[in-house]
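Next come the chains, spelled out residue by residue.
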Amino acid sequence: MMSSGFVVFRAGVALVLMCSFYRSTEDPLPELSPQQYFSTLQPGKASLAYFCQVGSLSNSVFLEELKEAIRPLQDYGISVSKVNCVEEEASRYCGKEEGVMKAYLFRGHILLREFPTDTLFDVNAIVAHVLFTLLFNEVKYVTTLEDLHSIENSLKGKANMIFSYVEAIGTPEHRAVMEAAFVYGTSYQFALTTEIALLENIGSENTGRAHLYFLHCELASDLTESCRTTRMEQPLTTLNIHVFIKTMKAPLVMEVAEDPQQVSIIHLQLGLPLVFIISQQATYEADRRTAEWVAWRLLGKAGVLLLSRDSVDVDIPQHANVAFRRAEKEAPVEFLVLNDVDLIVSHVKSNMYIEETQEDEDGDEEGPDLAIQDDEVAETVYRDRKRPLPLELTVELTQETFNSTVTTSDSLVLFYATWHAVSMAFLQSYIDVAIKLKGTSTILLTRINCADWSDVCAKQNVTAFPAVKLYKEGESPVSYEGMLGTKDLLKFVQLNRISCPVNIASIQEAEKYLRGELYKDLFSFPSVSVLGLFSPAMASAEEHFREAGKRLRGSIITGVYSEDDVWILSNKYAAPLPAMLLARPREGGIESVPLATAPVQEMVRILANAPLEAFPEITVETLPAYLRLQRPLLMLFSDGSIDPQYRNAALALVRQKQLEPFTPCWLNLKNTPVGRGILKVYFGHLPPLPQLLLVNLHSGGQVYAFPSVQSITEQSLMLWLKKLEAGLENPITIISDQAWKPPLPAFDFLSMMDAPAAQASAKKGAECMEAAEVQASAEQPRGGGPAPRREPPETLRVKHWNRSIAPREAGEPSRPHKEL
Amino acid sequence: MGPLGLLLALALHLAACTRTHRDYCVLGAGPAGLQMAALLQRAGRDYEVFERESAPGSFFTRYPRHRKLISINKRHTGKANAEFNLRHDWNSLLSDDPRLLFRHYSKAYFPDASDMVRYLGDFAKCLGLRVQYNTNITHVALDKDPQAWNGHYFILTQQNGQAYQCSVLLVATGLSVPKLVDFPGSEHVEGYESVSVDPEDFVGQNVLILGRGNSAFETAENILGVTNFVHMLSRSRVRLSWATHYVGDVRAINNGLLDTYQLKSLDGLLESDLGYLALVKDSKGKFHITLRFFLDENNSSQSADAIPLPQDDNDNFAMRVAYDRVIRCLGWKFDFSIFNQSLRLSSGTEFSKKYPLIRASYESKGSRGLFILGTASHSVDYRKSAGGFIHGFRYTVRAVHRLLEHRHHGIGWPSTEHPITQLSSSIIRRVNEASGLYQMFSVLADIILLKENATAFEYLEEFPMQMLAQLETLTGRTARHGLFVINMEYGKNFSGPEKDVFYYDRSVAHVEDAWRSNFLHPVIYYYRHLPTEQDMRFRPAQWPLPRPAAIHHIVEDFLTDWTAPVGHILPLRRFLENCLGTDLRSFYAESCFLFALTRQRLPPFCQQGYLKMQGLSSTKSLRQHGVESRLLPDYTAMENSSRWLGDHPSAPGPLTQSLDSNKEEL
């Protein structure tokens, strides 16, 4: 009976709902006398009236809120008025005591409810209360679990239900639920509670301000079966609820046979991503089940479609079983290999992240805050700026002192700029080197700030920061080209203290050199030693070798032995001359490499590859050298030092040259904790360790995992590699080949600059078209008024204000300077 | 004209046989001439400077009459950067010798003109510049010759008939002809160039000054304290340099008269077109202002006392008082007289009539190979930038020299090539120190030419931005893959003679409002293709360049120090990233390591650093900050796999974490 009158205008409400957010213009509150008011009431039409004693102090706060409620209530066909009680026209609603005035909700002439003004504390409360009263029959208020179950049972097999918990009646969430109920109340049964205990009873441990659940009771054919429930995870706003309910109406899984890039379904329009389960004819049934399973998990978060590989004309990577498409218009379809429903769900959730935060910002059209630092180097250097560094350990050079310093002493110079984050991060390592070398080094550690002395830096050919150069008397400066870190730089300084190449005088000395005993005290690190062996006749080869050694100065130690008795070494190490001997302190043993009369360039290459090991431990520092080999990595992830059994197996295979196409290596998570991050990407979680993986970085990006149940032996490893070659194994994942796009958009100053002009012309247009608005805008200056800066776009102004009061983590809060 | 022309032709012919050849001839050994000479000398070019007087900078031996230069000589800025310090040194010329900086020549903030003369003399001497003094070039003509660089030689004839043949002519003669006025009675007017500078000569006098520029105010300033009053009359309203941001307008140091005028201390300022006026000398030798048409109406033979005066009709006429002296301070114009018509050197538009007409490349529109340097080249940026003054034209002269080096010697515009990872730091470095950009804002701009696939770029400094369409032919560099133009600009509606530049809220501090910055700030234009001449010509009004694909304003800074990590560098990086469609963040080696094993592609910073074994290590303290800021995941805390997963049900994987985690801070 009560609801009948509302059905009529419900159809138009969905639209109104959307519009009502954007209208904030205030409507005047009609002020009527009681007589006038009652004469305007129409049968079936709801109206809210605030009765107010003339002359008494009116409740201005309430009136403000009431005014704001006019427009939203009007959208639901409810009129709002203020009724002035004049003495001659006393009405019973006028109350007896002054000041205790109430608002009344009527339908036609029938009083539905009276509200003390304090229950209508704000516009949300007004709308929520009014709609709650009007929708009394449609939104069941429940307080006990039995109530809820009885509603649930009554709906089974017939209709679905929307159940929500709100902290209190009259909250914004309550209003959002009521607005949704107004639109969808005829399609779904709504139930509402404020009892938190009830929520706990249905098994939701997550308690917050408000929750909304969709109970799929229509599907429950059996009374004993409870309705499947989907929880809405977004915050309860009218828009979010609308989107959520829309997705509930959509089919669970849709089957498509077209290019996933072209597919357009309701989810995309609602800003939700799409997940395509790629199916084949042979596995259709199983795929369909998977898709449904995924769809239930992602209900309300993403659209799930079943894409038939056979009937699509699109190039789908062979191993891909899932395709993912973000809701953004231009977003490309990503093909993924995800062998677990959990992985699909977590992938979707992690990719929805941006959209969720955007909603959180509540109408902030610009999205993420562009002023938040996302450069790890810049941010960490900035955060560390107040920590004093022992800069006094290095000599600061200036234009005046630069030349005299570098010409009078062997000096290492760091060229940096104080405003350059990468420079400043490296400065810390540089100072660490100074600390380590304190009092021991003959090389002077200096630095020059190119922000101050840019012309000095330019004269030294330093065009990029940071740069390190070693100036030695009588030699042209050597640029440091290693890692910007303490370890490598220290090595560079130490290696530069010995002559290059080392001239070995006797066989005894050569042996000592190869054992690494010659410079034992000098180095704090184990280093590969290279010894070139030449007979006195091989002058040109020796020259090339010396030149190559010089070029690599600072990264490896090279020695030369070319005495007459060089054949002793040549015979001992089976190295036909010319040759070089490699002594690896880490592996032990001495390797010989024949040196044909190669040109210097080739010699440099051979020397540069000399430190590469047959079965290296991969670390952050060593990886790039091995990546250059362009081979798939056969990598064992180990938590701690490597299992000797595997080590032996791998080395045996290496010796048999079985692993030539690969780079066999291992990673110690204790030394390289970032390995955990890598495993997490490969597996989605941390797998049990050790874990042997084949990572095909350079062609295709497949990652294969050695079955962890098997033990790794020479045989099992070879068998597995054969299977891989034969294509019998599926990769656990395919490494993304996504390009590195800008992490966030930039300020679009071009359109901001266009905006004032466009706004001016738009304003003119509006004046012509809308007669109603002429009056409002007549007070504003017409086109050609003050300069644009005096009339910034309103939205921008509001935004500043918000931003300036918001505490900012990164960066000092900036304030406009008033130029004292 | 007949016999004279014949004589001239004969003289030329004679000279042709004996004339000396120079690749470059520079007219005038003032600041611009010497600047060009210094650059030619360093480049080892065949050049000669011709100077009429016996020493360089003869203009400064006479002017300014009251000897105080109004170009600032700021000797302390608190910064060591020599290039930055040039931003506030308005008198030095460019050289490699730090001893040739003006601050070694004067301690005064507004130095004495004789110090400038001494400085210029030293500059020429120390650098050993080839200057022929006491050489008055009286005639310049063109001699067609297909062999010549420009299809013709410039023939310079000296007063004694000696002639020079020049491939390129660089005219740096300044503005040497005082601007005169012509109205009845203007013969009674004294000129700035000859008027007494001794205040004693003005005691108790009523003085009228014609003009409203710095010379007029300078003259007034000198005598303000001893005259009865000074009236200043000019056609248009006074323009104050602090309101127009143009150094050629009236500087605050000269504005004593504005003060006394506004405080009603008898001095005053009036506007009227001088062409309507007439000056009448009465029997007592005093001057009366009247209108020209009164004279025209009446018989000019009338005695002075009978000439009608405006106050006869209009008894409160402002200038009804009689003056003891009338002084003309109307500035100077270019001396066109020595240039033969064949050079087609004409004067500029109505707006800048006192200057010869030239292109934005400073080359004459009439003849190729003729360049105007220095003050006379100011038509390019008259009333806009500093091209008419030493601190501006020292850079435009250098730009001309760079153009010539490319045109005649095949040496491309100097440029440095960098990997793309250096893009934002190259820009930051320049906007913080570059003096040419700062002084010659909106005239000279830095250009970044992108290489294919935007993996590297070339950086060109201080290119005349109005010539952008011809960049490739003028510099010898190619711009096929997009370019950035780095310019400095004032706010579009901020400066102007009638503008209030002190209004509340005049400065912008918020990064997103940077486009509304009013004070000089860097603006970066991005073009996918080099703009065409058409684009340049039809650019939007008030825009120095055509509409770009994207634009970035670095927000104005009170200290002009644009190195704030979040306020300046971060928005710049975002702009560059979005223009290039790539990620320009810097990463520690550990992050690059993760990317190298989990992504098929790497961000440029990792590609150009880490993969080349030049990764950036973090230190303990930096790592800790990284973990705190959630930009770096704490891998050691990932120990317990199931816990880690459970703790962050909706946390993105580590791969996206570094991209997105910042948002968690919101």
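Residues numbered from 1 in each chain as written. Chains lettered and ligands numbered in written order. Predicted model: local features only at pLDDT ≥ 70, side-chain atom pairs only at ≥ 80, totals over all residues. Heavy atoms only, no water.

Looking at an unreviewed UniProt entry, one finds chain B named FAD-dependent oxidoreductase domain-containing protein 2 and attributed to Mesocricetus auratus.

The name given to chain A in an unreviewed UniProt entry is Thioredoxin domain-containing protein 16 isoform X1, with Mesocricetus auratus as the source organism.

**Student:** Help me understand the overall build of chain A in this model?
**Tutor:** The number of helices and strands found in chain A is 29 helices and 30 strands. The buried share of chain A, reckoned over its 820 residues, is 51%. Of all intrachain contacts in chain A linking residues separated by at least 6 positions in sequence, the fraction that spans at least 24 positions is 73%. When the accessible area of chain A is evaluated, it comes to approximately 39,100 Å², of which 52% is carbon and sulfur surface. (Helix = DSSP H or I, 4+ residues; strand = E, 2+ residues; numbered from the N terminus. Buried < 20%, exposed > 50% of the residue type's maximum accessible area, 1.4 Å probe, protein only. Contact = heavy atoms within 4.5 Å. Areas by Shrake-Rupley, 256 points an atom, 1.4 Å probe, with all protein chains shown as cover.)

**Student:** Just to check I follow, could you spell out the overall build of chain B for this structure?
**Tutor:** Counting its regular elements, chain B contains 21 helices and 22 strands. The dimensions of chain B, computed from C-alpha atoms along their principal axes, are 115 × 70 × 45 Å. The buried share among the 666 residues of chain B stands at 59%. Taking contacts inside chain B between residues at least 6 apart in sequence as the whole, the part at least 24 apart equals 66%. Positive and negative side-chain charges of chain B, numbering 71 and 70 respectively, have mean locations separated by a distance of 4 Å. (Lys, Arg positive; Asp, Glu negative; His and termini not counted. Charge placed at Lys NZ, Arg CZ, Asp CG, Glu CD.)

**Student:** Please explain the sheet that holds strand β3 (residues 79-85) of chain A as it appears in this structure.
**Tutor:** Consider a sheet: its strands pair through backbone hydrogen bonds, and that pairing is either parallel or antiparallel. Residues and elements named next belong to chain A. Read from one edge of the open sheet, five strands run β1-β3-β2-β4-β5, paired in mixed fashion. Lying at the two open borders of the sheet, with one neighbouring strand each, are β1 (31-32) and β5 (110-116). Sheet topology note: the strand β2 (residues 46-53)/strand β4 (residues 102-107) ladder contains five bridges and is antiparallel. Each bridged residue has a counterpart across the sheet, and for A46 the counterpart in β4 is R107. (Pairing = 2+ DSSP bridges.)

**Student:** For this particular structure, what's the right way to read the environment of L345(B)?
**Tutor:** Residues and elements named next belong to chain B. One can find L345 in the loop between β15 (332-333) and β16 (370-372). On the accessibility criterion, L345 (13% relative accessible area) is buried. Distance in space between the C-alpha atoms of L345 and F538 is 26 Å, their sequence separation being 193 residues. Sequence-distant contacts of L345, defined by excluding residues within four places in its chain, comprise F334, F336, F339, P356, S364, L370 and I372.

**Student:** Is there a simple way to think about the side chain of H553(B) in this case?
**Tutor:** The topology assignment puts H553(B) in strand β22 (residues 550-553). On the basis of relative accessibility, which here comes to 4%, the residue H553(B) falls in the buried class. Of the polar contacts made by the side chain of H553(B), one reaches the side chain of H521(B); its length is 2.9 Å. Sequence-distant contacts of H553(B), that is, excluding residues within four places in its chain, are made with F749(A), M753(A), A514(B), W515(B), H521(B), P522(B) and V523(B). (Polar contact = N/O pair within 3.5 Å; in protein donor to acceptor, adjacent residues only side chain to side chain.)

**Student:** Looking at this structure, how should I read the interface of chain A and chain B?
**Tutor:** Contacts between the two partners involve 110 residues from chain A and, on the opposite side, 102 residues from chain B. The junction of chain A with chain B conceals about 10,100 Å² of combined surface from both sides, 63% of it contributed by carbon and sulfur atoms. Put simply, chain A and chain B have four salt bridges between them. Note that D754(A) and R547(B) form a salt bridge whose closest N and O atoms lie 2.7 Å from each other. Remark: the boundary between chain A and chain B carries 32 residue pairs in polar contact (both at pLDDT 80 or more). For the side of chain A that touches chain B, the per-class residue count stands at 57 nonpolar, 25 polar and 28 charged. (Buried area = accessible area lost by both parts, 1.4 Å probe. Salt bridge = Lys/Arg side-chain N within 4 Å of Asp/Glu carboxyl O. Nonpolar A, V, L, I, M, F, W, Y, C, P; charged D, E, K, R; others polar.)

**Student:** Looking at this structure, I do not really get the packing of helix α20 (residues 539-551) of chain A against helix α22 (residues 600-609) of chain A. What am I missing?
**Tutor:** For any two helices packed against each other, the geometry comes down to the angle between their axes and how far apart the axes lie. Residue and element names in this part refer to chain A. For the pair α20 and α22, the least separation of the axes is 8 Å and the interaxial angle reads 55 degrees. If you check the angle between α20 and α22, you find them oblique. Crossing handedness for the pair α20 and α22: right-handed. Every residue of α22 that contacts α20 at A541, H544, F545, E547, A548, G549 and R551 is listed here: V600, Q601, M603, V604 and L607. In terms of residue class, the contact of α20 with α22 is built from seven nonpolar, three polar and two charged. (Axes fitted to C-alpha atoms, helices over the stretch in contact; angles between N-to-C directions. Parallel < 35°, antiparallel > 145°, perpendicular 65-115°, else oblique. Left-handed = near helix turned anticlockwise from the far one by under 90°.)

**Student:** Looking at this structure, how should I read the sheet that holds strand β22 (residues 529-533) of chain A?
**Tutor:** Residue and element names in this part refer to chain A. Read from one edge to the other, the open sheet built from five strands follows the order β21-β23-β22-β24-β25, with strand pairing classed as mixed. Here the strands that pair on one side only, and so sit at the sheet edges, are β21 (502-503) and β25 (590-594). Against the sheet, α20 engages β21, β22, β23 (557-561) and β24 (579-583), with an angle of about 160 degrees to β23.

**Student:** What exactly am I supposed to notice about the packing of helix α2 (residues 31-43) of chain B against helix α5 (residues 113-126) of chain B here?
**Tutor:** All names here are of chain B. For the pair α2 and α5, the least separation of the axes is 10 Å and the interaxial angle reads 20 degrees. If you check the angle between α2 and α5, you find them roughly parallel. Seen along the crossing, α2 lies across α5 with a hand that is left-handed. Between α2 and α5, the residues in contact are P31, L34 and A38 and L120, F123 and A124, respectively.

**Student:** Which parts of the structure should I look at to understand the confidence of the model for chain A?
**Tutor:** Residues shown with low pLDDT carry predicted positions that ought not to be read at fine detail. Residues and elements named next belong to chain A. When pLDDT is averaged across chain A, the result is 78; 83% of the residues are at 70 or more. Predicted confidence is poor over residues 1-25, with pLDDT under 50, and the contacts of this stretch with residues over four places away or in other chains come to 34 contacts. Note that pLDDT drops below 50 for residues 353-366; the model gives that stretch 21 contacts with residues more than four away or on any other chain. (pLDDT = per-residue confidence, 0-100.)

**Student:** Even after reading the chapter, I still don't get the packing of aromatic side chains, so can you show me in this structure?
**Tutor:** For any pair of aromatic rings, the description consists of the separation of the ring centres together with the inter-plane angle of the planes. As enumerated under the stated definition, the model contains 52 aromatic pairs over all chains in all. Each ring, one from F38(A) and one from F106(A), has its centre 5.7 Å from the other, and the planes form 90 degrees; the classification is edge-to-face. Of the two residues, F38(A) sits in helix α3 (residues 34-40) while F106(A) sits in strand β4, which places them 68 residues apart along the sequence. For F106(A), a relative accessible area of 0% puts it in the buried group. Considering the side-chain rings of W242(B) and F502(B), the 5.6 Å spacing of their centres and the 50 degrees angle between planes classify their relative orientation as tilted. Note that W242(B) is positioned in helix α7 (residues 241-244) and F502(B) in the loop between β20 (483-489) and β21 (521-527), a separation of 260 residues in sequence. Stacked on the ring of W296(A), the Lys or Arg R228(A) has its end atom at 3.9 Å from the ring centre. Taking NZ or CZ as reference, K79(B) lies 4.7 Å from the ring centre of F84(B), over its face. (Phe/Tyr/Trp six-rings, centres within 6.5 Å; stacked < 30°, edge-to-face > 60°. Lys NZ or Arg CZ within 6 Å of the ring centre and 35° of its normal.)

**Student:** What should I look at first to understand the state of the cysteines in this one?
**Tutor:** Disulfides are covalent bonds that link the sulfur atoms of two cysteine residues. Scanning the entire structure with this criterion turns up four disulfides over all chains. Across a sulfur-sulfur distance of 2.0 Å, C450(A) and C457(A) are joined as a disulfide pair. Measuring the twist about the S-S bond at about -95 degrees, one finds the C450(A)-C457(A) disulfide to be left-handed. This pair shows no difference in class: C450(A) is buried, exactly as C457(A) is. Note that C592(B) is cross-linked by a disulfide to C606(B), the S-S spacing being 2.0 Å. On the S-S bond that ties C592(B) to C606(B), the torsion sits near -80 degrees, and the link is left-handed. Of this pair, C592(B) sits in helix α17 (residues 589-598) while C606(B) sits in helix α18 (residues 604-608), placing them 14 residues apart in sequence. This pair shows no difference in class: C592(B) is buried, exactly as C606(B) is. Once the bonded cysteines of chain B are numbered in order along the sequence, the disulfide links fall as 1-2, 3-4. (Disulfide = S-S within 2.5 Å.)

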